[in-house]
Every structure is written in structure tokens, then in C-alpha cells.
2 protein chains.
Amino acid sequence: MRPFEQEFQTLNEALQEMGALVAQSVHRSVLSLVEKNEDYAHQVLRDEARIDQMEIQIDDLVASIIAREAPVARDMRFVVVAIKINTDLERMGDLAVSIVERSLASLRQPGLQIEVNFSEMANLVESMVLTGLDAFVKRDAVLARGILSSDDGIDKLRNHINCQMIELMKKDPATVERALDNILIARRLERIADHATNVAEDVIFMVKGIDVRHRDPAQLALASQL
Amino acid sequence: MRPFEQEFQTLNEALQEMGALVAQSVHRSVLSLVEKNEDYAHQVLRDEARIDQMEIQIDDLVASIIAREAPVARDMRFVVVAIKINTDLERMGDLAVSIVERSLASLRQPGLQIEVNFSEMANLVESMVLTGLDAFVKRDAVLARGILSSDDGIDKLRNHINCQMIELMKKDPATVERALDNILIARRLERIADHATNVAEDVIFMVKGIDVRHRDPAQLALASQL
């Protein structure tokens, strides 16, 4: 076993545990909305404290690895990426909480005529989050690359909800607030997907040592063959 | 001069330069919108490439500090925080670009009857960004703490725009798309302010070694007297 293999293992497990908790919160936040289920909402609010606590613990763990082991090259990239992923996960958790806040408010309002398909969007987002963490732990750039292409699906689903809601608001002014809420919920899901995309980009950077942020696709295709 | 004083100085200057560029982009994105000025919009789009480039350079700089100097204690916190601030700045830049995209689209649309007060919100956001970087460079927790309290002002301004636009949409369905655009622009400004708040929290963590994320205000007041 290499000198800090054990600490890396602990860090892996902590980030994976946090990722699973965040993915579960995303799932429950949307279930609470779709099924008008208050229990799910309260579970998300309860788990927020745990996610916040884990963020601090993981930062501490990373800091102690830097201080004691002075990692270099690939190990150093692993540590930098762990800090970034930790932040992304915590913000995804915040977004799940903010969906739940809307969901709790909507329990007291009459439903809209139109069924909004949040579940499909939420399932895709959830799988992006989990795959990102899996790619990180396995140091698997191919897995990470798959997440980048999910982003188009998210855009389409979000646009569809947007168009539906705009049409509704135009037809019936009484729906404006509730339709706007749905637009903002779809945006929150999209932002969680954006964070998952950030995680994927960081994993590719970690594994390949190339930075996929801010590169054009042609360059990337070339780099992936290296 | 301490061993890595020179590298820290370089890192400080790079983050400050990036922060100034980001604050300028936020400023110009809103000017392009309020004054319907296409030149400002194109300047923001042009500067995005520079911001992206700086993000990568700063990550590289941090990585080389970690690898060569193995910083400990306060220096190590400085390095971890630099990674986080770098990410926050780049995302603020992205949000400025996304405001500009809306602004360019709005040039081709007739204006709304209501004057939306984006400038006040933008000025506050811009000053939060610059103060955050200043607090980082000066390692000044008091300055950083001031930013946390600006957040209420942002909430109020955003809520005001929200209410105005909802009322407008209800009165005149023809305004729905444009009013929704304004709501989403106000949210982007709010998200830039959120990133500035993250920077401030990280600076307080760096200076005091206490984590202000996820703490209640009473605990914080106590900690600030320590």
C-alpha cells in the first residue's frame, strides 16, 4: 500500500457517502413535490444538517492530507479535485432544500391543470450525481465523459417545462405564481445537473491531467485519444 | 520574507486581477441591459475567455504551491480557500455571460412599461465581489463579515423585482416572456451575490480558522469575540 492510500480511501468513502446522501435528497425533494408528500420534504431538511457537517469534515480531511503528505502530481490533482467536488456536492444539497421549500409552499395551493414532468428530469439529474462520484472513486474518465453528454437531455427537459409554463401563464393569469414556481424548480434541477457536470470535468482533469473546462469539443476529442 | 511569501503574493495578485475582471463583467453585463448597449455585451463575452484562462492558471499555481511547499496550518487554509475562491469567481463570470445573452436577446424586443432597477442590485453585487477579494488579500475577517450582511439587501431588491414582474404578467399576458427574463436576470445577480458570500465565508474560515458555513448567528457572534 502506498503511503497515503489509507487516507485517500477514507476521503473516497466520505465523498461517496455525501454524494449518495445528496442524490437521495434530490430524489426526495422531487418526490415531495410530485406526490405532495410532506414526509419526504422533512427528510430532506433533516439531512441538510448532515450534508453540511460532512462538507466541513471532508475539507478538514483534505487539509490534513495536504499538510501531512505533501501530495504531488496525480495525488495532488486528486486532492484539489476533492475540494472542488465537496463544494459542488454541498451546493447541490442546498438546491434540493430550496426545491423542498417550494414544494412545502405548494402543498397549500391548488394544483395546475398541466402535469409537469419533474420526475424524468430528477431521475436524470440523480444518475448524473451518482455517476460523477463513481467516476471520481474509480478514477474513470470515460464514465465522467458520459455525464457531459447528459447535459443536452437536461436542457431539453427544462425547455419543455419552460414552454409549457409560459403558455399556461399567458392563457390564465391566475396561474402565474404557480407556473413561475415550476419554472424555478426546473432551473434548480438544471443547476444541480450543472454541478454534476463540474464534478465530471474535474474527474477528467484528475485522471487525464488535461483541463476539459473551457475547451472546444474538437480539441477534447483529440485529447481523449491521447 | 518567509519561504513561499513570493508565491503567495503571485497568487494574491492573480486572484485580485481575476476578481476585478469578474466585477467589471458583472457591471458591464447590467449596463448592456439597462442602456441597451451592445458594445458592453461584447466586451463581457470577450473577457470570458480571459477569465477561463485565469481559472486554469490559478489552479496550476495553487497545485505547484501544494506540491513544492507542503503548506501547513494557516498557509494550508489559504491554499484551500484560494481553490474555492477561484471556482466561485469563474462561476460569477459565467453568470455575467448569461446575463449578457439575455441582454442581447432583449435588444430585439420592445421595452416594458416598468423600469426595472437592475443597476442598484448590480452595484451592490459588484461591491460584494470586490470587497470579498480585498478581504482575502488583506486576510481581513471584519471586511468579510460586512459582505455577509449585504445579502439581505440583495434579497430585498430581488423580491421587489419579482413582485413587480409577477404583477405585470398578470395584468398583461403579452409581457410574460420579457417579465420572466427580468426575473431570471435578477436571480443571476442574486447567484453572483451568493458566490461573493461564499468567498466571504471562506475568508473568515481562513483568517479565524473557524468555519462560518452552517453555523447559527449566535454561535458566530460568540466566535467573533474570541
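For the structure itself, consult the block above.
These remarks concern the structure in this document. Owing to the predicted nature of the structure, the values given are computational and were not obtained by experimental measurement.

## Quick look at the overall build of chain A
Alright, step 1. Along chain A, the regular secondary structure elements total seven helices and zero strands.
Alright, step 2. Tracing chain A from N to C terminus, the helices and strands come up as α-α-α-α-α-α-α.
Alright, step 3. Compactness check: chain A gives a C-alpha radius of gyration of 19 Å against a globular reference of 17 Å for 226 residues, within 12% of the reference.
Alright, step 4. Projected onto its principal axes, the C-alpha positions of chain A cover 65 × 40 × 20 Å.
Alright, step 5. Here chain A holds 226 residues, and 57% of them are scored as buried.
Alright, step 6. Partitioning the intrachain contacts of chain A with sequence separation of at least 6 by distance along the chain shows that 82% fall at a separation of at least 24.
Alright, step 7. Looking at chain A as shown, the accessible area adds up to about 9700 Å², and 50% of this sits on carbon and sulfur atoms.
Alright, step 8. For chain A, the centre of its 26 positive side-chain charges and the centre of its 37 negative side-chain charges are spaced 3 Å apart.

## Topic: the nonpolar core
Alright, step 1. Ranked by size, the top nonpolar core spans 150 residues in total, and within it A:Leu189 and B:Leu189 carry the most contacts.
Alright, step 2. It is helix H6 (residues 176-208) of chain A that provides the largest number of residues to this core, a total of 18 residues.
Alright, step 3. Once residues within four sequence positions are removed from consideration, A:Leu189 is found in contact with A:Val26, A:Val30, A:Ile99, A:Phe118, A:Met121, A:Ala122 and A:Val125.

## Focus: the packing of aromatic side chains
All names here are of chain A.
Alright, step 1. In total, this model carries four aromatic pairs over all chains according to the counting rule given.
Alright, step 2. For the ring pair Phe8 and Phe78, a centre distance of 4.6 Å and an interplane angle of 35° mean the geometry is tilted. Of this pair, Phe8 sits in helix H1 (residues 5-34) while Phe78 is found in helix H3 (residues 73-106), placing the two residues 70 residues apart along the sequence. For the residue pair Phe8 and Phe78, the accessibility class agrees, reading buried in each case.
Alright, step 3. An aromatic cluster is defined as three or more aromatic residues linked by ring pairs; in this entry it consists of Phe8, Phe78 and Phe136.

## Section: unusual backbone geometry
Alright, step 1. With phi around 50°, A:Lys36 is a residue other than glycine that occupies positive phi space.
Alright, step 2. Mapped onto the secondary structure, A:Lys36 falls in the loop between H1 and helix H2 (38-69).

## Some thoughts on the interface of chain A and chain B
Alright, step 1. At the junction of the two partners, chain A supplies 35 residues and chain B supplies 35 residues.
Alright, step 2. With both sides pooled, the region where chain A packs onto chain B buries about 3400 Å², and carbon together with sulfur makes up 64% of that total.
Alright, step 3. At the junction of chain A with chain B, the criterion picks out six salt bridges.
Alright, step 4. The interface formed by chain A and chain B includes eight residue pairs in polar contact (both at pLDDT 80 or more).

## Considerations on the pattern of salt bridges
Alright, step 1. The tally for this structure, following the rule as stated, stands at 16 salt bridges over all chains.
Alright, step 2. Between B:Asp88 and A:Arg91 there is a salt bridge, with the nearest N and O atoms lying 2.9 Å from each other. A residue pair is termed interchain when its members come from two chains, as with B:Asp88 in helix H3 (residues 73-106) and A:Arg91 in helix H3.
Alright, step 3. Look at A:Arg91 and you get buried, because its relative accessible area is 13%.
Alright, step 4. Among the ionic pairs, B:Glu177 bridges to A:Lys170, the shortest N-O distance being 2.9 Å. One end of the pair, B:Glu177, is in helix H6 (residues 176-208); the other, A:Lys170, is in helix H5 (residues 141-171), on a second chain.

Rules of the game
- Residues numbered from 1 in each chain as written.
- Chains lettered and ligands numbered in written order.
- Predicted model: local features only at pLDDT ≥ 70, side-chain atom pairs only at ≥ 80, totals over all residues.
- Heavy atoms only, no water.
- Helix = DSSP H or I, 4+ residues; strand = E, 2+ residues; numbered from the N terminus.
- Rg over C-alpha atoms; globule rule 2.2 N^0.38 Å.
- Buried < 20%, exposed > 50% of the residue type's maximum accessible area, 1.4 Å probe, protein only.
- Contact = heavy atoms within 4.5 Å.
- Areas by Shrake-Rupley, 256 points an atom, 1.4 Å probe, with all protein chains shown as cover.
- Lys, Arg positive; Asp, Glu negative; His and termini not counted.
- Charge placed at Lys NZ, Arg CZ, Asp CG, Glu CD.
- Core = buried A, V, L, I, M, F, W, Y, C linked by side-chain atoms within 4.5 Å.
- Phe/Tyr/Trp six-rings, centres within 6.5 Å; stacked < 30°, edge-to-face > 60°.
- Buried area = accessible area lost by both parts, 1.4 Å probe.
- Salt bridge = Lys/Arg side-chain N within 4 Å of Asp/Glu carboxyl O.
- Polar contact = N/O pair within 3.5 Å; in protein donor to acceptor, adjacent residues only side chain to side chain.

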